[in-house]
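Structure assessment
Letter by letter, the chains look like this.
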Amino acid sequence: MDVPRVSIEGDEQGAIAAAVSALDDAGCCVVERLVPTAVMDDIAAELAAYRGRASVGASDFEGHATRRTGAPLARSATFRSIATHPVIMAACDAVLGHATSWRFSAAEYIEIGPGESAQRLHRDQWKYDMVDFADEVELNGMWAITDFTEDNGATRVVPGSHRGDNRERYDDGDTRPAEMTKGSLLLYTGTLYHGGGANRSGGWRAGLSLQHAVGWLTQSTNQFLECPPADVADWPDDLLRFIGYAKAGNGLGYWRDSEDPLAAVHPDREFDRGWATVRPG
Ligand SMILES: O=C(O)CCC(=O)C(=O)O
Ligand SMILES: [Fe+2]
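The notes below deal with the structure included here. Model, not experiment: these values are computed from the prediction.

**Thoughts on unusual backbone geometry**
The backbone of R33 sits at a positive phi, close to 45°, despite the residue not being glycine. For R33, the location among the structural elements is in the loop between strand 2 (28-32) and helix 2 (37-51). At R256, a position not held by glycine, the phi torsion is positive, near 50°. Take R256: it is sitting in the loop between helix 7 (237-243) and helix 8 (262-265).

What follows is the structure, encoded as structure tokens:
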């Protein structure tokens, strides 16, 4: 099975429906040219100051010629402007909407350098103690900050592999490169087998990886340390809710005297008290 591709041009609702259907059929899809290439350049520029601190060579899985820069949401206003893109919100609602709530879990700027070998194929949800969940618990993604080509280390995916369980084993021959032009977005479920590709080119491949998870799972990175209340007072409420300043599930994520976590950011505002997240409708 090839990597399904949809294009938003002209018909956003139609493209969203096609992306949701591809995620169901194949566990992945590329949404082509979703944002202008200048948006990707702006994110790269805003993160440039932090990239020197990135970890290289920490483990085989992380890659020895791969740089990973964390906390892009806190560090890039341009990333904040696209983090809740309607396509991402709709895809998360479709894949994770069986749960009472879902939220952003982490993002990471991943640069694969020349000479890097292919990453071990994995399911991202293995981070959760390799539990074989009955439903999807993660919807992840990768913005193409540079073009993604087979040669420069485009993420390798196994379309359809979201259907099996954790015991399935695939090899390189089962994978397809998620080739895409700068400004495109790869979406994939937490059950999809994939891995970073080998970089046989002379340049770096840069991508911004995204993770979203149901509200009853721990977020991959601690959003309240990366985006503490004192730093986020001018962020829109919907972005703060998205990253986890919200009650979750039934009786999760509340604060102090049954308070809404957003009260930590806006002590001057009134919020409802109580434990439960009530499903809209
Ligand atoms: O960089 C990539 O293409 C994929 C990285 C990845 O899948 C991971 O680190 O979990
Ligand atoms: Fe991964």
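Moving on from the coordinates now.
**A word on the sheet that holds strand 2**
Backbone hydrogen bonds hold the strands of a sheet together, and the pairing may be parallel or antiparallel. Taken together, the seven strands give an open sheet; going across it, the order is 1-2-8-5-10-4-3, and neighbouring strands pair in mixed fashion. Each having just a single partner strand, strand 1 (5-7) and strand 3 (66-70) make up the two edges of the open sheet. Across the sheet, the mean angle separating the axes of adjacent strands is 25° when strand polarity is ignored. Inspection of the sheet shows strand 2 paired to strand 8 (residues 185-189) by four bridges, in the antiparallel sense. When the bridges of strand 8 are listed, C29 appears paired with L187. Sheet strands touched by helix 1 (residues 12-26): strand 1, strand 2, strand 5 (138-144) and strand 8. Its angle to strand 2, the strand with the most contacts, is close to 155°.

**Here's the deal with the packing of aromatic side chains**
Enumeration according to the criterion identifies seven aromatic pairs in this entry. Between F104 and F242, the aromatic rings sit 5.4 Å apart at their centres with planes inclined by 35°, giving tilted as the arrangement. Of this pair, F104 sits in strand 4 (residues 102-112) while F242 sits in helix 7, placing them 138 residues apart in sequence. Assigned by exposure class, F104 and F242 land together as buried. Ring centres of Y254 and W275 lie 5.8 Å apart, and the angle between their planes is 20°; on these two criteria the pair is classed as stacked. Pair noted here: Y254 is in the loop between helix 7 and helix 8 and W275 is in the segment after helix 8, with a separation of 21 residues, a long-range link. Of the residues examined, W275 reaches a relative accessible area of 52% and is grouped as exposed. Every member of this aromatic cluster is reached through a ring pair, and the members are W102, F104 and F242.

Rules used throughout
Residues numbered from 1 in each chain as written. Chains lettered and ligands numbered in written order. Predicted model: local features only at pLDDT ≥ 70, side-chain atom pairs only at ≥ 80, totals over all residues. Heavy atoms only, no water. Helix = DSSP H or I, 4+ residues; strand = E, 2+ residues; numbered from the N terminus. Pairing = 2+ DSSP bridges. Axes fitted to C-alpha atoms, helices over the stretch in contact; angles between N-to-C directions. Contact = heavy atoms within 4.5 Å. Phe/Tyr/Trp six-rings, centres within 6.5 Å; stacked < 30°, edge-to-face > 60°. Buried < 20%, exposed > 50% of the residue type's maximum accessible area, 1.4 Å probe, protein only.

The values reported here are purely geometric and, on their own, carry no functional implication.
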